[in-house]
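What follows is each chain in one-letter form.
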Amino acid sequence: MLQHTRTAVAPVEHESVALRDANGRVLARPILADRDQPPFDRSTRDGYAVLAAELTSGAALRVIGTLRAGEEWGGPAIQSGEALEIMTGAPVPAGADCVAMLEHVVRDRDSLSAQPDRTWKTGENFVPRGAESHAGDVVLPRGRVIGPAEVAVAATSGCAELHVFAKPKVAIIATGDELVGIDQQPKAWQIRNSNSWSLAALVNAAGGSPGRLAIARDNLDDLRERVAQGAMWDLLVLSGGVSMGKHDLVEQVLSECGAEFFFTGVWIQPGKPVVFGRIPKSGIVYHPSRPQEHANWQGEWTYFFGLPGNPVSTEVCFHLFVAPLLRALVGRADVSPSFVEARLAEDVKGAGGRTRFLPAQLTSAWDGVSVKLVPWQGSGDVAANARAGCFCVLPAGVETFRAGDTVRVLLR
Ligand code: AMP
Ligand code: MG
């Protein structure tokens, strides 16, 4: 399944961003080193540039000068019997083949000798020119996410502007008659729409640009209009309305719009009713009097996900299914969800037929990483979910998991 999306999903647009705004963006063009790195034989210690064999032999050397970082040695190459005082980051002069650390030599005015039993080898304490990268080397490939380490590489290469992939625009539609906006006072039987907000945060974190569309009510007219609108975006994410209830109409409306479903339901808990597919990017609002509108569609398609409405189900499904596709749309080379292994902190009952993803906390200790479930009231419990930092994965078909068992953990 992911194989299919990985080959079919391709970001197209590029844009240019300033390095200061590049954190979290994805490179559309590789960055090449513009010069050798290091650009000169760079001393990694404060000490003396010498010939290793000579200092090791016990000879007293004459210190002929001092060189700081940011200076160039203007004098002739270091000769036999000579040493040059040198600081970290300064270029090792021609003639020397190692840097002896300050702490390992004895200096008496202009005379330098070895501490007893100290020896040196050629190449010690400097990085030769070009050892890290050569001019023209790809130092950051296309598809790489820019983080602090990549910013340092780009800066080193003199890139003030980077070519990155455009952020895919993700339409978020919450569905449900019981939902009210967060600026409204809910009646006793109503609930605030939290999913549009959490999904927007998740989309941002995955590198997309979210747009919260109006809440769609659980009726065909409203849903048809909203889905037609959402189909014009780069990706459409719906929450709620995909279960088996009488008023769960999302699948029907997607079908009317000419949807191709890649899957309808996954054997997981929470999140079983999740659907994934693509719909014609037409913007046409379906009406039963024009049923053939999207037959044999030849135009562009928009991927969609219909996520279950319970907020924890919504988040689990986002990490497992939406985020990988979104990362592919963003142009990232690495798209998979992130899992680690940890030991269970206590016994846990399995759930039979479905793989479970339960809110949990990871703790790192000297003897390894352990994971502990957070007590919760099920997949509507946003407060418990916020006390967790990950999801513990409990595979199907196991009756009881024992404290100390190694399990997988889905990071978020
Ligand atoms: P559904 O998937 O539509 O059957 O919804 C399942 C549960 O999730 C119901 O209790 C809904 O009230 C709740 N829910 C659905 N959508 C949202 C939302 N946008 N924000 C918070 N809770 C929601
Ligand atoms: Mg609903």
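Residues numbered from 1 in each chain as written. Chains lettered and ligands numbered in written order. Predicted model: local features only at pLDDT ≥ 70, side-chain atom pairs only at ≥ 80, totals over all residues. Heavy atoms only, no water.

Undergrad: What is the right way to read the packing of aromatic side chains from this model?
TA: Think of a pair of aromatic rings as described by two things: how far the centres are apart, and how the planes are tilted against each other in angle. All chains considered together, the criterion is met by seven aromatic pairs. Each residue in the set Phe262, Phe263, Phe276, Tyr303, Phe305 and Phe321 is aromatic and connected to the rest through ring pairs, giving one cluster. The side chain of Arg278 reaches across the aromatic face of Trp301, ending 4.0 Å from its centre. The residue whose ring lies beneath Arg408 is Phe339, and the NZ or CZ to ring-centre distance is 5.3 Å. (Phe/Tyr/Trp six-rings, centres within 6.5 Å; stacked < 30°, edge-to-face > 60°. Lys NZ or Arg CZ within 6 Å of the ring centre and 35° of its normal.)

Undergrad: Could you clarify how one ought to interpret unusual backbone geometry in this entry?
TA: Note on backbone geometry: most residues besides glycine have negative phi, and most peptide bonds are trans. Between Gln37 and the following residue, Pro38, the backbone shows a cis peptide bond with an omega angle of -10°. Within the secondary structure layout, Pro38 lies in the loop between β2 (31-32) and β3 (42-43). Looking along the chain, the bond that leaves Gln269 and enters Pro270 is cis, with omega of -5°. Summarising the element assignment, Pro270 is placed in the loop between β19 (268-269) and β20 (275-280). (Helix = DSSP H or I, 4+ residues; strand = E, 2+ residues; numbered from the N terminus.)

Undergrad: What exactly am I supposed to notice about the sheet that holds strand β9 (residues 111-114) here?
TA: Pairing between the strands of a sheet is mediated by backbone hydrogen bonds and can be parallel or antiparallel. The strand order across the open sheet formed by six strands is β7-β4-β6-β5-β9-β8, and the pairing between neighbours is mixed. What marks the edges here is a single partner per strand, and that holds for β7 (98-101) and β8 (105-108). With direction set aside, neighbouring strand axes in the sheet form an average angle of 40°. In terms of strand pairing, strand β4 (residues 47-50) meets strand β6 (residues 82-86) through three bridges, oriented antiparallel. For Ala49, the partnering residue across the bridge sits in β6 and is Leu84. (Pairing = 2+ DSSP bridges. Axes fitted to C-alpha atoms, helices over the stretch in contact; angles between N-to-C directions.)

Undergrad: Where do I start with a nonpolar patch on the surface in this structure?
TA: Nonpolar side chains collect at one region of the surface, where Leu362, Val369 and Leu411 lie side by side and expose about 180 Å² of accessible area between them. For Val369, a relative accessible area of 30% corresponds to the partly exposed category. (Patch = residues over 30% accessible without salt bridge, like charges linked within 9 Å, V, L, I, M, F, W, Y side chains within 5 Å. Areas by Shrake-Rupley, 256 points an atom, 1.4 Å probe, with all protein chains shown as cover. Salt bridge = Lys/Arg side-chain N within 4 Å of Asp/Glu carboxyl O. Buried < 20%, exposed > 50% of the residue type's maximum accessible area, 1.4 Å probe, protein only.)

Undergrad: What should I look at first to understand the site of ligand 1 in this one?
TA: Around ligand 1 there are 17 residues in total, and Glu178, Asn193, Ser194, Gly241 and Gly309 lie nearest to it. Between ligand 1 and the protein, one listed contact pairs a nitrogen atom with a backbone N or O atom of Asn195 at 3.3 Å. Gly309 places a main-chain nitrogen or oxygen 2.8 Å from an oxygen atom of ligand 1. Burial of ligand 1 by the surrounding chains reaches 78%, relative to a free accessible area of 490 Å². When its residues are assigned to classes, the shell around ligand 1 shows five nonpolar, ten polar and two charged. (Near = heavy atom within 4 Å. Polar contact = N/O pair within 3.5 Å; in protein donor to acceptor, adjacent residues only side chain to side chain. Nonpolar A, V, L, I, M, F, W, Y, C, P; charged D, E, K, R; others polar.)

Undergrad: I keep staring at the environment of Leu373 and nothing clicks. Help me out?
TA: With respect to the helices and strands, the residue Leu373 is situated in strand β25 (residues 368-373). Sequence separation between Leu373 and Ala345 is 28 residues; the distance between their C-alpha atoms is 8.4 Å. Excluding its chain neighbours within four sequence positions, the residues that come into contact with Leu373 are Val348, Leu358, Pro359, Ala360 and Cys392. (Contact = heavy atoms within 4.5 Å.)

Undergrad: How should the pattern of salt bridges be read in this particular structure?
TA: Using the criterion set out here, one finds 15 salt bridges in the structure. For Arg129, the salt bridge identified is with Asp36, shortest N-O distance 2.9 Å. Linking Arg129 in the loop between β10 (126-127) and β11 (138-140) with Asp36 in the loop between β2 and β3, this pair joins segments that are 93 residues apart in sequence. Classification of Arg129 by relative accessible area gives exposed; the value is 53%. We note a salt bridge from Asp234 to Lys281, for which the minimum N-O separation is 3.9 Å. With a gap of 47 residues between them, Asp234 in the loop between α5 (220-230) and β17 (235-239) and Lys281 in the loop between β20 and β21 (301-307) connect regions that are remote in the sequence. The network of salt bridges with shared partners includes Asp221, Arg224 and Glu256.

Undergrad: What should I look at first to understand the sheet that holds β21 in this one?
TA: Spatially, six strands are ordered β16-β13-β17-β21-β20-β18 in an open sheet, and the strand pairing comes out mixed. In this open sheet, the two strands that pair with only one neighbour each are β16 (209-212) and β18 (260-264). For this sheet, the mean angle separating the axes of adjacent strands, direction not counted, is 20°. For β17 and β21, the ladder comprises five bridges, and the chain directions are parallel. Bridge pairing in β21 places Leu236 opposite Phe304. In this fold α5 packs onto β13 (169-174), β17, β20 and β21, with an angle of close to 170° to the strand it touches most, β13. Those strands touched by helix α7 (residues 311-330) are β13, β17, β18, β20 and β21, and its axis lies near 165° from that of β21.

Read these as geometric descriptors, not functional statements.
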